[in-house]
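The residues making up each chain are set out below.
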Amino acid sequence: MAKRLKKKHLPLLHQPLDILKKYWGFDEFRAGQAEIIAAVLEGRDALVLLPTGGGKSLCFQVPALCREGICLVVSPLIALMRDQVENLKKRGIAAAAIFSGMPHREIDLILENAANGAYKLLYLSPERLKTDLARARISRMNVNLLAIDEAHCISQWGYDFRPPYLDIAEIRREMPEVPVLALTATATAEVVEDIQKRLEFREPLVFRQSFERQNLSYAILYESRKREKLLGILKNVPGTGIVYTRTRGESKEIADFLFKNGIAATCYHAGLTPEERASRQMDWIENRTRIMACTNAFGMGLDKPDVRTVVHLHLPDSLEAYFQEAGRGGRDGQKSYSVLLFDPTDAHNLRKQFEIAFPDFSEIREVYRALGSFTQLAIGGGAGESFDFDFAVFCKNFSRELATTHAALRLLETEGWILISDPAYSTSQLIFTASREEIYDFQLRNLAADQLLKVVLRMYPGIQFSMTGISEFAISKMSKLSVEVVKNLLENAQKEGLLEYFPQKSMPQLTFLRERVAAENLTIDLEKFHFRKERARDRMEKAINYAETLRCRSQQLLTYFDEKESKPCGICDICTGRNKPEISEDEIMVYTRKIREVLKELPLTLPQILEAFSEKRHSMVSKTLVFLEEEGKIGRDEMGRIFWKG
């Protein structure tokens, strides 16, 4: 059993401000951080609600360094774990991460090092936290804090529920005096209550900062010619940006379109090689590439403060997702823009995608049966085993339709049967196992490797003592050797017993979280399945309603996250009228007559109303609708559709 923290009595080795100054170079904490850290050091359980970029990680990293022992950090985001571990190491803080798809030997080595006190922070994905191997080693660790990042994942009321999170409560029962710190950037009142219940808080304690972003202007533009409008936005707003697309193919098309029109743009998706992803991400971070066209996976774990524009070409399926993605703009506090391009077909397409996302149970069983055949895994075996998984090949081999198969796989993940990790968020791992003398002797005998090893040892301090994430691409640039030569030399050094090298996977990893069963014996909780489906439908409809409601965008978002007393932001498309000229009384009368005629038969959504007018009239129609709503001439039914009151 883990050593237990004696609540309020274990002495501090260091003061929080001293840690902050020593490792981060700051003289004071951001608003709210000091109070959160104080509660943790008093041994209290706490839930922290901070907006994206609000400094959540310091709230557990600092107290972890104030006391003896190790902080366990549970996170579902491989990219975030990887980046935080590397950033901590650069600051001289010992840290490591464990997630699905890693070789068993690598996991075993990291856990053993953690049990022996080699790290101050150990990041684990939730499914790894509950394995027998992890549980046995955790029982030997001197745990001083259990931090739960993306804590909304524990709640079925939330938008990104993950069943392995439910097992965290079992871990904390084995260390009842260790405080729990749960953190999230998106949680409604229902989710806030559920998180504390699921994590078995000893007493309720919530630290909440307003989600208001005073420097971020939200806008929804009702446009059918989205690419042309996108081009206009990016030509008018300087600085780096992100363009969120729906598919890999669309991300490439948008990047090509922008590039041909004089904007330095590239695309990022899981179909690229690890070297391409690393190169494109670095070019964007360092402002050599201005615009990144990507799917919604991009941006997790990245902390680029000077993003001036975030454009969504399609409406996300929840306001939580939209808020997180839009929030990647303007983290430096400077004026930034989040723009959603919306046309009348978007709501219909989103509802259609929703139906595909929840296939029949028979469909789920067939996909599970095919997975067993694809991996050649015997019934009764496979718990914890990982396999290379080429989704396109899988669908082709078993004549599967892409969209429904993807949905079935997601539901198998949600039910805790499998996990599919994207190689875009893994990294190669390396540790030197030989002594300094043995390394020097190897360099003398292998002149070709001498330059490489010098570069590796210089780039990654501490790599002789702990497993370290490396980038063959970065090593290649520094050593002036090709990536292929770097990999070959490292593999040769491993054969000589000099180091242990685990190359980044080039393909997604399929991990069976439970022993494989016959497809007919596959079970899911149908009651919970239908509950999650209705919750997802509700979130989708609220997202659509947000896009179609002519009210301050910031107010709508803040109201959704239970900040009901917020004031108009003054900078969104509604508050500013999109900088349109003022509409005259005569124009209001003209547009009012047409709107009343359009609405005489039945209530309509905003895009349906706009369809009755030419595109160049849409701005005036929107302006008139705002006036009519303020005057009480139009209202909305329970579906959010607009109707004429008079």
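Cut-offs and rules
Residues numbered from 1 in each chain as written. Predicted model: local features only at pLDDT ≥ 70, side-chain atom pairs only at ≥ 80, totals over all residues. Heavy atoms only, no water. Pairing = 2+ DSSP bridges. Helix = DSSP H or I, 4+ residues; strand = E, 2+ residues; numbered from the N terminus. Axes fitted to C-alpha atoms, helices over the stretch in contact; angles between N-to-C directions. Buried < 20%, exposed > 50% of the residue type's maximum accessible area, 1.4 Å probe, protein only. Parallel < 35°, antiparallel > 145°, perpendicular 65-115°, else oblique. Contact = heavy atoms within 4.5 Å. Nonpolar A, V, L, I, M, F, W, Y, C, P; charged D, E, K, R; others polar. Phe/Tyr/Trp six-rings, centres within 6.5 Å; stacked < 30°, edge-to-face > 60°. Lys NZ or Arg CZ within 6 Å of the ring centre and 35° of its normal. Salt bridge = Lys/Arg side-chain N within 4 Å of Asp/Glu carboxyl O. Expected span 1.5 Å × (residues − 1). pLDDT = per-residue confidence, 0-100.

Examining the sheet that holds strand S18 (residues 499-502)
Now for step 1: Pairing within the open sheet is antiparallel, and its 3 strands lie in the order S17-S16-S18. The open sheet is flanked by strand S17 (468-470) and S18, the only strands paired with a single partner. Here the average twist between neighbouring strands, direction ignored, is 30 degrees.
Now for step 2: With 4 bridges connecting them, strand S16 (residues 428-432) and S18 associate as antiparallel partners. Note on S18: the bridge partner recorded for Phe432 is Leu499.

Here we look at the environment of Gly232
Now for step 1: Take Gly232: it is sitting in helix H10 (residues 226-236).
Now for step 2: Separated by 92 residues in the primary sequence, Gly232 and Arg140 have C-alpha atoms spaced 59 Å apart.

Focus: the pairing of strand S19 (residues 509-512)
Looking along a regular strand, one sees the side chains alternate between the two faces of the sheet.
Now for step 1: The side-chain alternation of S19 yields two buried faces, one formed by Gln509 and Thr511 and the other by Leu510 and Phe512.
Now for step 2: Across 3 bridges, the pairing between strand S14 (residues 386-388) and S19 is antiparallel. For Asp388, the partnering residue across the bridge sits in S19 and is Gln509.
Now for step 3: Sheet topology note: the strand S15 (residues 418-421)/S19 ladder contains 4 bridges and is antiparallel. Bridge pairing in S19 links Leu419 to Thr511.

Here we look at unusual backbone geometry
Peptide bonds are mostly trans, and most non-glycine residues show a negative phi.
Now for step 1: Residue Glu150 is not a glycine yet carries a positive backbone phi of 50 degrees.
Now for step 2: Examined against the element boundaries, Glu150 turns out to sit in the loop between strand S5 (143-148) and helix H8 (168-173).
Now for step 3: Relative accessible area serves as the criterion here: at 11%, Glu150 is assigned to the buried category.
Now for step 4: Its identity is not glycine, yet Asp562 carries a phi of approximately 70 degrees, on the positive side.

Here we look at the packing of helix H20 (residues 472-479) against helix H21 (residues 483-495)
Now for step 1: It is the contact of H20 with H21, at a shortest axis distance of 9 Å, that shows an interaxial angle of 105 degrees. On the basis of their axis angle, the class for H20 and H21 is roughly perpendicular. Where H20 approaches H21, its residues Glu472, Phe473, Ile475, Ser476 and Ser479 are matched on the opposing element by Val483, Val486 and Lys487.
Now for step 2: Counted by class, the contact of H20 with H21 contains 4 nonpolar, 2 polar and 2 charged residues.

Remarks on the packing of aromatic side chains
Now for step 1: For the coordinates displayed, the defined rule picks out 18 aromatic pairs.
Now for step 2: Plain terms: the ring middles of Phe374 and Phe394 are 5.3 Å apart, the flat faces sit at 85 degrees to each other, and that makes the pair edge-to-face. In this pair, Phe374 is assigned in helix H15 (residues 361-375) and Phe394 in helix H16 (residues 391-397), connecting sequence segments 20 residues apart.
Now for step 3: Owing to a relative accessible area of 22%, Phe374 belongs among the partly exposed residues under this scheme.
Now for step 4: Following the ring pairs from residue to residue traces out a cluster consisting of Phe211, Phe323, Tyr560 and Phe561.
Now for step 5: The ring centre of Trp417 lies 4.0 Å from the NZ or CZ of Arg514, which sits over that ring.

Side note on the pattern of salt bridges
Now for step 1: Applying the stated rule across the entire model yields 36 salt bridges.
Now for step 2: Where Asp108 meets Arg137, a salt bridge forms, and the shortest distance between an N and an O atom there is 2.6 Å. Of this pair, Asp108 sits in helix H5 (residues 104-115) while Arg137 sits in helix H7 (residues 132-138), and the two are 29 residues apart along the sequence.
Now for step 3: Among the residues examined, Arg137 registers a relative accessible area of 13% and is labelled buried.
Now for step 4: With its nearest N and O atoms 3.2 Å apart, the salt bridge here joins Asp450 to Lys454. With Asp450 and Lys454 both in helix H19 (residues 447-459), this residue pair falls 4 residues apart, about one helical turn.
Now for step 5: Since its relative accessible area comes to 19%, Asp450 is described here as buried.
Now for step 6: Residue classification places Lys454 among the partly exposed positions, given a relative accessible area of 45%.
Now for step 7: Each member of the salt-bridge network shares a partner with another, and the members are Arg105, Asp108, Glu112, Arg137, Arg140 and Glu500.

Some details on the sheet that holds strand S11 (residues 291-294)
Now for step 1: The strand order S8-S13-S12-S9-S11-S10 describes an open sheet built from 6 strands, whose pairing is parallel. Looking at strand neighbours, the two that pair on one side only are strand S8 (216-222) and strand S10 (265-268), the edges of this open sheet. This sheet shows a mean twist of 20 degrees between the axes of neighbouring strands, independent of strand direction.
Now for step 2: Along the sheet, H10 contacts S8, strand S9 (240-244), S11, strand S12 (307-312) and strand S13 (336-342); its crossing angle with S13, the most-contacted strand, is approximately 170 degrees.
Now for step 3: Along the sheet, helix H13 (residues 319-326) makes contact with S8, S9, S12 and S13, crossing S12 at roughly 150 degrees.

Let's talk about H15
Now for step 1: Compared with an ideal rise of 1.5 Å per residue, which puts 15 residues at 21 Å, H15 spans 21 Å between its outermost C-alpha atoms and is within 8% of the ideal.
Now for step 2: Residues of H15 that are buried make contact with S14, H16, helix H17 (402-414), S15 and S19.
Now for step 3: Where H15 ends, the next residue or the one after it, Gln376, has phi of about 60 degrees, a positive value.

Some words on the confidence of the model for the protein chain
Now for step 1: Residues with a pLDDT of 70 or more make up 95% of the protein chain, whose mean pLDDT is 87.
Now for step 2: Taking the mean pLDDT of every element in the protein chain, the minimum, 79, falls on S17 and the maximum, 97, on S12.
Now for step 3: Low pLDDT, under 50, characterises residues 1-9; the predicted model gives this stretch 25 contacts beyond four residues in sequence or across chains.

A few points about the packing of helix H18 (residues 436-445) against H19
Now for step 1: For the pair H18 and H19, interaxial distance at closest approach is 6 Å and the crossing angle is 140 degrees. Relative to H19, H18 is oriented oblique. Where H18 approaches H19, its residues Ile439, Phe442, Gln443, Leu444 and Arg445 are matched on the opposing element by Leu447, Ala449, Asp450, Leu453, Lys454 and Leu457.
Now for step 2: A per-class count over the contact of H18 with H19 returns 7 nonpolar, 1 polar and 3 charged.

Let's talk about the environment of Asp306
Now for step 1: Relative to the helices and strands, Asp306 is located in the loop between S11 and S12.
Now for step 2: The spacing of Asp306 and Arg328 is 22 residues in sequence and 9.1 Å in space, taken between C-alpha atoms.
Now for step 3: Dropping the residues within four chain positions of it, Asp306 is found in contact with Thr240, Asn287 and Asp332.

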